[in-house]
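For reference, the chains in residue letters:
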Amino acid sequence: MKMSITQFRKSIQGGAYAVLVATLGLISPALSQASPVSPAQIIPTSKKSTQELVRYFSFSDKDQGQPIRVHVVEVHLSDPRVRLDLAMANEGASTVERVSHIARRHGALAAINGSFFHGTTVDSSVGLVIRQGEIIADSGHRRTSLGITPEGKMIMGIPKVRTVLMVHQQDRLQRVSGVNQPRKYHQTVVYTSRFGNYTGTNNYGREVVVRHDRVVRYSYGNTQIPKDGFVISAHGKGKDIQDLYPLGSEISLKTIQQGGWEETDTILTGAPHLVKAGRVYNTYFQEKLHSSLKRPNSRSAIGFTHNGKLLMVSVLPAKGNKGGGVTFTRLAQIMKRMGAYEAMALDGGGSTSMYVPHSIEYAHRPVTNALIIKAVNL
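Residues numbered from 1 in each chain as written. Predicted model: local features only at pLDDT ≥ 70, side-chain atom pairs only at ≥ 80, totals over all residues. Heavy atoms only, no water.

Peer 1: Got a sec to walk through helix α2 (residues 99-106)? Specific residues and values, please.
Peer 2: Buried residues of α2: Val99, Ser100, Ile102 and Ala103, and no others. All buried residues of α2 project into a common sector of 160° when viewed along the axis, lining one side. Where α2 is buried, its residues contact β6 (82-88), β7 (110-113), β26 (353-356), β27 (360-363) and β28 (369-375). (Buried < 20%, exposed > 50% of the residue type's maximum accessible area, 1.4 Å probe, protein only. Helix = DSSP H or I, 4+ residues; strand = E, 2+ residues; numbered from the N terminus. Arc of directions from axis to C-beta. Contact = heavy atoms within 4.5 Å.)

Okay, here's the thing in structure tokens:
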């Protein structure tokens with residue numbers, strides 16, 4: 001898809017895009033009286049800290065008659081001493097690491113597994129992953145995502161975000177098929193150094209090496225990725241590559257954000273949406289998730305209350321129960337019962353992971369990224 005920058009701006013004008021933004025604050029969750037809750041554990045950030053910053057507890061529940069255990073982390077993000085952040089496995093975009101390892105490496109107070117990922121030829125994330133303005137991965141899927149602004153405000157919904165290459169001399173924007181993803185037929189994919197040392201692509205396409213936002217050379221498959229730039233891998237372009245990306249031309253990779261997502265600098269895709277404006281809102285069918293995800297399973301979710309308290313939730317089969325778990329509908333009901341104003345599911349099944357120092361450390365398999373709580377301003 002090619003268009004001028006002027007044409008692009010006209011194409012996105014008009015039309016409201018409904019999103020929900022919550023200013024971070026404090027509110028207590030309402031748990032069912034029927035659910036036995038284990039004693040909450042206060043996780044101090046230092047020996048001198050006495051105020052509760054991260055609170056972990058768990059309680060028993062059932063889904064379709066099967067016993068489950070719900071693990072919860074509550075965080076008062078209105079406190080300037082804590083911050084929600086996104087952390088990558090081994091600091092890359094196509095590798096995996098256990099959530100507990102990611103958390104310890106960052107000195108996290110708590111952590112939960114993040115986005116879905118391919119887990120086949122490469123371990124790249126499914127959806128959109130941006131951390132503090134850096135585009136780490138984009139598979140082209142636009143599903144329910146969590147967005148965070150530099151000030152700590154949160155937004156949840158389908159991100160109105162386009163990833164593009166800006167060819168400055170030609171006043172042209174080109175939408176890309178993906179970032180740090182396997183390149184498929186007639187796709188244009190951008191590879192950054194987060195992906196690894198080489199693109200890992202075949203020879204059925206042309207590749208453009210960009211350093212410091214300048215085209216420096218052309219190549220074929222499996223091109224080395226510069227630390228100070230990126231590689232554009234285009235299948236089906238052939239000899240047109242020099243016209244599309246002239247040698248020495250200025251090209252930058254960026255996102256065009258609108259519809260309430262303009263201020264977000266960190267975005268993580270999950271799905272489905274579970275709670276919207278305080279009501280159960282399961283978008284499993286609308287977001288066309290794989291049918292295998294419909295069955296009860298271990299689940300992870302993240303949400304925030306009306307006043308912005310963060311909720312990290314992992315649901316597992318009860319101890320001694322080998323099967324079971326929860327459906328997305330039941331997960332949505334649990335999040336709503338706990339006071340979530342907005343909530344969405346994260347990757348689940350074998351990826352379900354939660355870590356709180358001295359409280360819980362559960363991880364069945366390594367994952368691509370994690371949402372972590374960090375101590376700041378201490």
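Peer 1: Account for helix α4 (residues 328-337), naming residues and giving values.
Peer 2: Of all the residues in α4, the buried ones are Phe328, Arg330, Leu331, Ala332, Ile334 and Met335. Just past α4, the residue Gly339 takes up positive phi, approximately 100°.

Peer 1: Would you mind going over the environment of Ala89 in detail, with residue names and values included?
Peer 2: Note that Ala89 resides in the loop between β6 and α2. If near-sequence neighbours (up to four positions away) are discounted, Ala89 is found in contact with Thr95, Val96, Glu97, Ile102, Arg105, Val367, Thr368 and Asn369.

Peer 1: Lay out the pairing of strand β11 (residues 154-157) in plain terms, naming residues and giving numbers.
Peer 2: Of the two faces of β11, the one carrying Met154 and Met156 and the one carrying Ile155 and Gly157 are both buried. In this antiparallel pair of consecutive strands, strand β10 (residues 145-148) and β11, the connection spans five residues, and Gly152 shows a positive phi of 95°. (Pairing = 2+ DSSP bridges.)

Peer 1: Before we move on, could you go through the nonpolar core and cite the residues and values that matter?
Peer 2: Counting residues in each nonpolar core, the largest one holds 33 residues, and the members touching the most others are Val73, Leu84, Leu146, Leu310, Met312, Leu371 and Ile373. Take this core: its biggest share by element is four residues, from β6. Ignoring any residue separated from it by four or fewer positions in sequence, one finds Leu310 in contact with Val73, Glu74, Val75, Leu77, Leu84, Met154, Ile302, Gly303, Phe304 and Ile373. Listed in part, the 24 residues of the second largest apolar core include Val275, Leu289, Leu311 and Phe328. (Core = buried A, V, L, I, M, F, W, Y, C linked by side-chain atoms within 4.5 Å.)

Peer 1: Talk me through the pairing of strand β12 (residues 161-167); I want residue IDs and the actual numbers.
Peer 2: Here β12 lies mainly inside the structure; six of its seven residues are buried. Judged from the seven bridges that link them, β12 and strand β19 (residues 251-257) form a sheet pairing that is antiparallel. Across the sheet, residue Thr163 finds its bridge partner in β19, namely Thr255. In this structure, β12 lies alongside strand β13 (residues 172-175), joined through four bridges in antiparallel fashion. Paired with Met166 across the bridge in β13 is Leu173. Counted between consecutive antiparallel strands, the loop separating β12 from β13 contains four residues, among which Asp171 sits at a positive phi close to 50°.

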